[in-house]
Amino acid sequence: QVQLVESGGGLVQAGGSLRLSCAASGRTFSSYAMGWFRQAPGKEREFVAAIRWSGWSGGYISYGDSVKGRFTISRDNAKNTVYLQMNSLKPEDTAVYYCASDSPGKYRDYSTYEYWGQGTQVTVSS
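The present account deals with the structure reproduced in this document. Here the residue numbers are simple positions, counted from 1 along each chain's written sequence. Only residues with pLDDT of 70 or above have their local features reported here, since the model is predicted, and side-chain atom pairs are shown and tallied only from 80 upward, although totals for entire chains, interfaces and linings are computed over all residues. Here the side-chain values reflect all heavy atoms present in the structure, with hydrogen atoms and water set aside.

1. Things to note about the overall build of the protein chain
Secondary structure elements are defined from DSSP: runs of H or I of at least 4 residues count as helices, runs of E of at least 2 residues count as strands, and each element is numbered from the N terminus. Assigned secondary structure in the protein chain consists of 0 helices and 11 strands. Along the protein chain, from the amino end to the carboxyl end, the secondary structure elements read β-β-β-β-β-β-β-β-β-β-β. Atoms counted for the radius of gyration: C-alpha only. Globule rule: 2.2 Å times residue count to the power 0.38. For the protein chain, whose C-alpha radius of gyration is 13 Å, the value lies close to the compact-globule estimate of 14 Å for 126 residues. Summary of the burial criterion: residues with accessible area below 20% of their type's maximum are buried, those above 50% are exposed, and those between are partly exposed, where the area comes from a 1.4 Å probe applied to protein chains only. A total of 126 residues make up the protein chain; the buried ones form 44% of that total. We call two residues in contact whenever any of their non-hydrogen atoms come within 4.5 Å of each other. Put simply, 54% of the contacts in the protein chain that link residues at least 6 apart link residues at least 24 apart. Here the protein chain displays about 6700 Å² of accessible surface, and carbon together with sulfur accounts for 47% of that area. The convention is simple: Lys and Arg are positive, Asp and Glu are negative, and His and the chain ends are not counted. Note that the charge is assigned to NZ on lysines, CZ on arginines, CG on aspartates and CD on glutamates. Positive and negative side-chain charges in the protein chain, numbering 13 and 10 respectively, have mean positions lying 5 Å apart. Here the accessible surface of atoms and residues is derived via Shrake-Rupley with a 1.4 Å probe, and residues count as covered only by protein chains that are part of the display.

Spelled out as structure tokens, the structure:
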């Protein structure tokens, strides 16, 4: 059974940066993707970023439109960990951020992911 643990959330001022981590335990498939989603109170779950765990060069990466140019997803294969570097944060980025794993495709669709973490709160103040 795969378990995911997010960390790195917190409070930051608008324009600031934050780095989230997601550590995975248990066996995972290198051909499957890991992703980040977020959900703000009263809003639907939103796709943030995804990365396929294939090759040491980085593999496939995709971003949601609202975070393109500001967020960067990366991985550390040795630590079995995926990261989300968030720069130029805006108040509308405030949400609970969830790590997900083992999507075989359609990485922007949350229903394709098999495992989910508990989430970490990110709050951006104005």
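2. A word on unusual backbone geometry
At Asp 102, a position not held by glycine, the phi torsion is positive, near 70°. With respect to the helices and strands, the residue Asp 102 is situated in strand 9 (residues 95-103).

3. Some points on the side chain of Ser 62
By the secondary structure assignment, Ser 62 is in strand 6 (residues 61-63). A 3.5 Å cut-off defines polar contacts: any pair of N or O atoms within that distance qualifies, except that in protein one atom must be a possible hydrogen donor and the other a possible acceptor, and neighbouring residues in sequence count only when both atoms are side-chain atoms. A polar atom in the side chain of Ser 62 sits 3.3 Å from the side chain of Arg 108. The residues touching Ser 62, leaving out its near neighbours within four places in the chain, are Phe 47, Val 48, Ala 49, Ala 50 and Arg 108.

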